[in-house]
Amino acid sequence: MYADVANYSELVNGSASTGLIFSSASMAQKFGSAFGGAAVMWLLSGFGYDTAPGAVQPQLALDGIMAMMSFIPAGLACVAFVLLWRYPLTSARMEHIMSELKALRMAPADGPRKDNMEDFADLP
């Protein structure tokens, strides 16, 4: 999906920003992992999980753990499904975008081309 977004962005903006898109996605994954780990700890704390060695967990903590292993992930999966269902870059649309990009990439560049560094000597 990242490559689809990169190609769509290139078509809309006229320049490729693939590196920026992939690095942003990588950073978002890292933030998501950090937030996900913190969310588990927040939920356990909210359910009254006792961290003392040999502690007997209250029923609320046990119910919370069960919810964290079943209902909460199921709810998040449903939210993810709805978001992906509304994803606008379908296969047909991506085929159209790729054909437009191919045509744009094959078109001759405007103005003279600078094929080597010596041609750039006259630029300020």
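See the structure above.
For the structure given in this document, a descriptive report is provided here. (Residues numbered from 1 in each chain as written. Predicted model: local features only at pLDDT ≥ 70, side-chain atom pairs only at ≥ 80, totals over all residues. Heavy atoms only, no water.)

Counting its secondary structure elements, the protein contains five helices and zero strands. Secondary structure elements of the protein, listed N to C terminal, follow the sequence α-α-α-α-α. Taking all 124 residues of the protein together, the buried fraction comes to 13%. At a minimum sequence separation of 6, the contacts of the protein that also span at least 24 residues come to 48%. Accessible area for the protein stands at about 9800 Å²; split by element, carbon and sulfur atoms hold 67% of it. (Helix = DSSP H or I, 4+ residues; strand = E, 2+ residues; numbered from the N terminus. Buried < 20%, exposed > 50% of the residue type's maximum accessible area, 1.4 Å probe, protein only. Contact = heavy atoms within 4.5 Å. Areas by Shrake-Rupley, 256 points an atom, 1.4 Å probe, with all protein chains shown as cover.)

A cluster of nonpolar side chains, namely Leu43, Ile72 and Leu76, defines an oily patch on the protein surface of about 240 Å² accessible area. Its location among the elements puts Leu43 in helix 2 (residues 18-46). (Patch = residues over 30% accessible without salt bridge, like charges linked within 9 Å, V, L, I, M, F, W, Y side chains within 5 Å. Salt bridge = Lys/Arg side-chain N within 4 Å of Asp/Glu carboxyl O.)

If you walk through the whole model with that rule in mind, you get one salt bridge. Between Glu10 and Arg105 there is a salt bridge, and its shortest N-O distance comes to 2.6 Å. Here Arg105 lies in helix 5 (residues 91-106) and Glu10 lies in helix 1 (residues 2-13), a separation of 95 residues in the sequence. When its relative accessible area of 47% is taken as the criterion, Arg105 is described as partly exposed.

A separate point is the packing of aromatic side chains. Evaluation of the coordinates by the stated rule reveals two aromatic pairs. Where Tyr2 meets Phe22, the ring centres are 5.8 Å apart and the plane angle is 75°; that geometry is what we call edge-to-face. Within this pair, whereas Tyr2 is found in helix 1, its partner Phe22 is found in helix 2, the two being separated by 20 residues in sequence. Note on Tyr2: relative accessible area 36%, which makes it partly exposed. On the basis of relative accessible area, Phe22 is assigned to the partly exposed category, the value being 39%. (Phe/Tyr/Trp six-rings, centres within 6.5 Å; stacked < 30°, edge-to-face > 60°.)

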